[in-house]
Amino acid sequence: MNLFVFHTPELIPSGKTPDCAIAIDVLRATSTMATALNAGAEAVQVFSDLNELMRVSESWAPEKRIRAGERGGAKVEGFDFGNSPLDCTPEVVTGRRLFISTTNGTRALTSIQSAETVIAAALVNRQAVVDYLLARRPETVWLVGSGWEGSFSLEDTVCAGAIAHRLQVELGVPLEDLAGNDELISAVSLYSQWQDRLLELLHHATHGKRLLRLHCHEDLKYCSQTDLLNVLPIQREPGVLVKHESLIGVAG
Ligand code: 3SL
């Protein structure tokens, strides 16, 4: 396995696709997607554009859909949800499709949707992602941070490092054997330094501070937890992610 970290979707090399592409938006889109699927949502469908989301979801019965829209950290008027994972309780999401558009996370997923395998990762489902990679062993893996409007985000890179670090431990190989680029090594260093203080790191992050100004303390706490959910959101068709059902015993 050869792992590459790209801090933002803009840094993805053009004209190439990996065997497996992993979008990361710890605060908060991929944390929300993992939580919704874990709580029983039928699927998550992602959109870059809010109007397109409204148009496509219109053909779904209101009791079968949830519309989530976030811009600048806040809920978009007229939508059922903003982008808080804490809204995704089984009572509300079971059997419904989450139609979601966020500032950066859904854009990251859209930018990698042509890869053979597309996954959404966050700290909360880190081990599920690692288990899938260990079972399938894709040759080339991209870990793509969502960043914030084109710039680096601490929380996405630390999550990329958490995934790579765990893989390295489980495979028992030197990091050099896995690292496809320098960014991968720096992501693992970031994680190694902060692994016991992830909530504190999220408080230092620019987007963490933005969310704290919006009173999202509980969201930061939730999203800073590692290996909380055994769920793997995986793309079934472009833009539509479902819960991967067979993490155990998958042949290589
Ligand atoms: O940028 C995004 O996609 C977000 O997840 C932003 S927020 O955490 O909902 O503010």
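In this report, the structure presented in the accompanying data block is examined. Model, not experiment: these values are computed from the prediction.

All right, on to the pattern of salt bridges then. Enumeration over the complete set of coordinates arrives at ten salt bridges. Between Glu58 and Arg67 there is a salt bridge whose closest N-O contact spans 2.6 Å. Its salt-bridge partner being Lys221, residue Glu218 comes within 3.4 Å of it at the nearest N-O pair. Of the two residues, Glu218 and Lys221 both sit in helix H11 (residues 217-223), three residues apart, roughly one turn of that helix. Assessed through its relative accessible area of 46%, Glu218 is described here as partly exposed.

Every one of the 14 residues lining the ligand counts as a neighbour, but Asp25, Asn83, Thr102, Asn104 and Gly105 are closest to it. Within the side chain of Asn83, a nitrogen or oxygen atom sits 2.7 Å from an oxygen atom of the ligand. With respect to the ligand, the side chain of His207 contributes an N or O atom lying 2.9 Å from an oxygen atom. For the ligand, the accessible surface in isolation is 290 Å², of which the surrounding protein chains cover 100%. For the shell around the ligand, a count of residues per class yields four nonpolar, seven polar and three charged.

Looking at the element boundaries, Ser151 is found in the loop between strand S8 (140-145) and helix H6 (154-171). Judged by its relative accessible area of 39%, Ser151 falls in the partly exposed class. In sequence terms Ser151 and Gly82 are 69 residues apart; their C-alpha atoms lie 22 Å from each other.

Ile22, Ile24, Leu133 and Ile163 are the most contacted members of the largest nonpolar core, which has 80 residues in total. The greatest single-element share of this core, amounting to seven residues, is contributed by H6. The contact partners of Leu133, leaving out residues within four places of it in the chain, are Met1, Cys20, Ile22, Pro138, Val141, Ile163 and Leu167. Ranked by size, the runner-up nonpolar core spans six residues in total, among them Phe47, Leu50, Leu53 and Val76.

Taking 1.5 Å per residue as the helical rise, H6 with its 18 residues ought to reach 26 Å, and the 26 Å between its terminal C-alpha atoms agrees with that figure. Across the 18 residues of H6, 13 count as buried, placing the element largely inside the fold. At the exit of H6 stands Gly172, carrying a positive phi of roughly 65°.

For the coordinates displayed, the defined rule picks out zero disulfides. For the unlinked cysteine Cys88, the closest cysteine sulfur is that of Cys223, found at 10 Å.

Now for helix H2 (residues 50-57). Every buried residue of H2 is accounted for by Leu50, Leu53 and Ser57. Across the axial projection of H2, the buried residues extend over an arc of 55°, all falling on one side. In this structure, H2 carries Asn51 and Arg55 as exposed residues pointing more than 90 degrees from its buried face. Contacts made by the buried residues of H2 are with strand S4 (65-71) and strand S6 (97-101).

Conventions and cut-offs
Residues numbered from 1 in each chain as written. Predicted model: local features only at pLDDT ≥ 70, side-chain atom pairs only at ≥ 80, totals over all residues. Heavy atoms only, no water. Salt bridge = Lys/Arg side-chain N within 4 Å of Asp/Glu carboxyl O. Helix = DSSP H or I, 4+ residues; strand = E, 2+ residues; numbered from the N terminus. Buried < 20%, exposed > 50% of the residue type's maximum accessible area, 1.4 Å probe, protein only. Near = heavy atom within 4 Å. Polar contact = N/O pair within 3.5 Å; in protein donor to acceptor, adjacent residues only side chain to side chain. Areas by Shrake-Rupley, 256 points an atom, 1.4 Å probe, with all protein chains shown as cover. Nonpolar A, V, L, I, M, F, W, Y, C, P; charged D, E, K, R; others polar. Core = buried A, V, L, I, M, F, W, Y, C linked by side-chain atoms within 4.5 Å. Contact = heavy atoms within 4.5 Å. Expected span 1.5 Å × (residues − 1). Disulfide = S-S within 2.5 Å. Arc of directions from axis to C-beta.

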